Amino acid sequence: WPSIFSGLEIIANRTTLSHRDSGGAPSLFDLLISLGSGHEAKLTLADVGAELDYYPETMVFISGKVLQHSIGPWGPGERLVIA
């Protein structure tokens, strides 16, 4: 289907080490959508010292090229992310 985004990634039941995205431009934002059931994931933004709730049905826009970000262990439940 047509999309304004240049790429799409589906991540299932995976932690993500702290990183910055290599693609894109610093002025562009990435849309992250957390799906699944029963998990209590946290999105950590190391550069600004923030840890955000990243529960199912959460949508976040970040500049992944600028902000260092990660997802640690989330406990029980299934986690699916569309990025």
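Scope of this entry: the structure provided in the associated data block. (Residues numbered from 1 in each chain as written. Predicted model: local features only at pLDDT ≥ 70, side-chain atom pairs only at ≥ 80, totals over all residues. Heavy atoms only, no water.)

## Thoughts on unusual backbone geometry
- Although it is not a glycine, Asn-13 adopts a positive phi angle of roughly 50 degrees.
- Residue class for Asn-13 comes out partly exposed when judged on its relative accessible area of 37%.
- The phi dihedral of Glu-57 is positive, around 75 degrees, even though this residue is not glycine.
- By secondary structure assignment, the location of Glu-57 is in the loop between β5 (50-53) and β6 (58-62). (Buried < 20%, exposed > 50% of the residue type's maximum accessible area, 1.4 Å probe, protein only. Helix = DSSP H or I, 4+ residues; strand = E, 2+ residues; numbered from the N terminus.)

## Quick look at the sheet that holds β6
- Spatial strand order, β1-β8-β3-β6: four strands in an open sheet with antiparallel pairing. Two strands in the sheet have a free side with no partner beyond their single neighbour: β1 (10-12) and β6. Taken pair by pair, the neighbouring strands of this sheet meet at an average axis angle of 20 degrees, ignoring direction.
- One ladder, built from three bridges, connects β1 with strand β8 (residues 78-82); its direction is antiparallel. Residue Ile-11 lies in a different strand from β8, and its bridge partner there is Val-81. (Pairing = 2+ DSSP bridges. Axes fitted to C-alpha atoms, helices over the stretch in contact; angles between N-to-C directions.)

## Focus: the sheet that holds strand β4 (residues 42-45)
- Across the sheet, which stays open at both edges, the four strands sit in the order β2-β7-β4-β5 with antiparallel pairing between neighbours. The strands lining the two open edges of the sheet, one partner per strand, are β2 (16-19) and β5. Put simply, the sheet's adjacent strands are angled 20 degrees from each other on average, direction ignored.
- Pairing of β4 with β5 involves four bridges; the strand directions are antiparallel. Along β5, the bridge assignment pairs Leu-43 with Leu-52.

## Here's the deal with the pattern of salt bridges
- Throughout the structure, instances matching the rule amount to two salt bridges.
- The partner of Asp-47 in a salt bridge is Arg-20, and the shortest N-O contact between them spans 2.9 Å. Placement of Asp-47 in the loop between β4 and β5 and of Arg-20 in the loop between β2 and β3 (30-37) is noted, with a sequence separation of 27 residues between them.
- Looking at Arg-20, the relative accessible area reads 42%, which means it is partly exposed. (Salt bridge = Lys/Arg side-chain N within 4 Å of Asp/Glu carboxyl O.)

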